[in-house]
Amino acid sequence: MRQTVPLCHLDDLADGSAKGFDPQHQGSDTVFIVRSGDKVFAYEDKCPHYRGQTSLPWRKDAYLDPFGETIVCAAHGAHFEIATGLCTAGPCLGESLTRVPLQIRDDGCVLAELNDNNVGGESP
Amino acid sequence: MNIIGPDALVFGVDDVEACSQYVTDYGLEPKGNGRFEALDGTAVIVLPKDDPTLPAPLATGTSLRKTVYGVADQQTLDAIAAELGKDREVKQLDDGSLEAVDDLGFVLGFQVTVRKALSLAAEVVNAPGSSALRPVNTVGVQKEASPKPRSLSHVVYFVPDFAKAEAFYADRLGFVTTDRFHHVGPFMRPAGTDDHHTLFFIQTPPHMQGIEHFTFHMGGPTEVMQAGTNMVNKGYQSFWGPGRHLFGSNWFWYFKSPFGCNMEYDADMDLHDDNWTARELPPGADNSQAFLFQYREKWAPMGPPPGK
Ligand code: FES
Ligand SMILES: [Fe+2]
């Protein structure tokens, strides 16, 4: 089943920053959004390295490198392109983060289309 | 070859401030110049990626730039220089240490160990029938505690050829294999320690070569739990644990880190000598831990009694 869930307002997302969300109340973030200029990209918070069993950041919302240029999995340093989710370096080279489709309403509200199984990373 | 274990791990990182805060929160003591020490003087050294004093990075971009081993004495250093000098460059650095590159490309340092002898009790548990108990009227746990890492325990490398790695450390540096995971790699200890492992290899494709995790020994399982809980409360994110490994019997709790590798707390690792015969198991969840838990916020079954 798919559901459309509001995550935040565009103004909550500073340019060049990322933010994690727990829309299905799993107890830890399962989806994150990266804002780059006027574009926003959302992915499931699951690193492909261990088949999606672990989440990416070392601290809440720490999804990007210090320069805001690339998405990083802190566990083993995998790098992912912000715009595509493609892993360009690290353990899961060539694999991709799972895209979460977003809708942006006229009032700036950001909604995510979630599958019921958008559950977050657990330890392997 | 009387190598005792890792004295220091040297990192070159993007975000020096975040990494320095992280290792401080982990419990290491800042000593200046990027050096963060455990109680026995073993350390993590955090430098900016482009620091000119750092050895060149691996092509994979792993943040670990050098593993520095502590050895018993100058004689051991001379023996290492002679052995490795047979087929590679061995640099003598200004501080008297040696620097050489292993057969996989990891930069190694060797120095007369800086480890201070510690005299600290381990966690003592009370159990019927045991003669080693806590003194009477001594409580076992405090609500708030910030246990300090005692000693740099082990480092784990992702390697493209674990057999080549194992041969180098065994044949050239006198490490002993204590246990192994099939097709994954061996746990190894140098001759100068009884610890189950100070080094473990995980076979991976070449583009992954680098550090997987590193860890310091804590005083016991309660310290692992309390130090890990403190990390969670400071906002750091667990990767795996807490739990207890089978090979080595060490309690573990791994956290993701801004170093781009995991950092662990461990305690109560098995000790072995040359009478031990290495075991071998297939890798996987079932053989890598006796049990595994996941952190949960403090909770207690409390509240008003149920209505009639
Ligand atoms: S779990 Fe993400 S890089 Fe290993
Ligand atoms: Fe470990």
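Scope of this entry: the structure provided in the associated data block.

Conventions we followed
Residues numbered from 1 in each chain as written. Chains lettered and ligands numbered in written order. Predicted model: local features only at pLDDT ≥ 70, side-chain atom pairs only at ≥ 80, totals over all residues. Heavy atoms only, no water. Helix = DSSP H or I, 4+ residues; strand = E, 2+ residues; numbered from the N terminus. Rg over C-alpha atoms; globule rule 2.2 N^0.38 Å. Buried < 20%, exposed > 50% of the residue type's maximum accessible area, 1.4 Å probe, protein only. Contact = heavy atoms within 4.5 Å. Areas by Shrake-Rupley, 256 points an atom, 1.4 Å probe, with all protein chains shown as cover. Lys, Arg positive; Asp, Glu negative; His and termini not counted. Charge placed at Lys NZ, Arg CZ, Asp CG, Glu CD. Pairing = 2+ DSSP bridges. Axes fitted to C-alpha atoms, helices over the stretch in contact; angles between N-to-C directions.

**Digging into the overall build of chain A**
A tally of helices and strands in chain A yields zero helices and nine strands. Scanning chain A from its N terminus toward the C terminus, one meets helices and strands in the order β-β-β-β-β-β-β-β-β. Against the compact-globule benchmark of 14 Å for 124 residues, chain A has a radius of gyration of 13 Å, which places it among compact chains. With the C-alpha coordinates of chain A rotated into their principal frame, the extents come out at 40 × 30 × 25 Å. Counting only residues that meet the buried cut, chain A has 52% of its 124 residues in that class. Sequence-distant contacts in chain A: of pairs separated by 6 or more residues, those separated by 24 or more amount to 49%. For chain A, the exposed surface amounts to about 5,800 Å²; the carbon and sulfur share of it is 47%. Averaging the positions of the 10 positive and the 18 negative side-chain charges in chain A gives two centres separated by 1 Å.

**Digging into the sheet that holds strand E6 (residues 78-80) of chain A**
All names here are of chain A. Read across the sheet, three strands follow the order E5-E6-E7 without closing on themselves; strand pairing throughout is antiparallel. Strands at the two margins of the open sheet, each flanked by one partner only, are strand E5 (71-73) and strand E7 (87-89). Across this sheet, the average inter-strand angle for adjacent strands is 35°, counted without regard to direction.

**A closer look at the pairing of strand E7 (residues 98-101) of chain B**
Residues and elements named next belong to chain B. Pairing of strand E6 (residues 91-92) with E7, which is carried by two bridges, proceeds in the antiparallel orientation. Bridge pairing in E7 places Gln92 opposite Leu98. Hairpin connection from E6 to E7: five residues lie between these consecutive antiparallel strands, with Gly96 at a positive phi of about 90°. Both E7 and strand E8 (residues 107-112) contribute to a ladder of four bridges, which runs antiparallel. Across the sheet, residue Glu99 finds its bridge partner in E8, namely Gly109. Connecting E7 to the next strand, E8, in antiparallel fashion are five residues, including Gly105 with a positive phi near 110°.

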